[in-house]
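The chain contents come next:
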Amino acid sequence: MATVVEPRPLADLEQDAVARVEQEMARRAKGVKPWTTTEYVDQIARVHARYEQRRTWLRLHEQEAA
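Now for a quick tour of the structure. Note that this is a predicted model, so its numbers are computed, not measured. (Residues numbered from 1 in each chain as written. Predicted model: local features only at pLDDT ≥ 70, side-chain atom pairs only at ≥ 80, totals over all residues. Heavy atoms only, no water.)

### Focus: the nonpolar core
- With seven residues, the main nonpolar core is built from Ala17, Val18, Val21, Trp35, Ile44, Val47 and Tyr51.
- Elements that contribute at least two residues to this core include exactly α1 (10–29) and α2 (37–65).
- In this structure, valine 18 is in contact with Ile44, Val47 and His48, ignoring residues within four places of it in sequence. (Core = buried A, V, L, I, M, F, W, Y, C linked by side-chain atoms within 4.5 Å. Buried < 20%, exposed > 50% of the residue type's maximum accessible area, 1.4 Å probe, protein only. Helix = DSSP H or I, 4+ residues; strand = E, 2+ residues; numbered from the N terminus. Contact = heavy atoms within 4.5 Å.)

Next up, the structure:
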């Protein structure tokens, strides 16, 4: 029997993406080529930019549907 899964809020998904970047930072810190602080900050900024674009898209298309 299948259950209906409620979609998660974008803020939760964004936090999960940031956590994955942090996990990758920790994993790479143990390796041969760890991220620099700049690379880490760039990755976090990319996550936030991606979700901000998604929010903008949703706002624009929400108005079209109404």
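Structure's up, so let's keep going.
### Examining the pattern of salt bridges
- Tallied over the full model, the rule gives six salt bridges.
- Residues arginine 8 and aspartate 16 are paired through a salt bridge, measuring 2.6 Å at the closest nitrogen-oxygen approach.
- The exposure class of arginine 8 is partly exposed, given its relative accessible area of 45%.
- For aspartate 16, a relative accessible area of 29% puts it in the partly exposed group.
- With its nearest N and O atoms 3.9 Å apart, the salt bridge here joins glutamate 52 to arginine 55. Of this pair, glutamate 52 and arginine 55 both sit in helix α2, separated by three residues, roughly a single helical turn. (Salt bridge = Lys/Arg side-chain N within 4 Å of Asp/Glu carboxyl O.)

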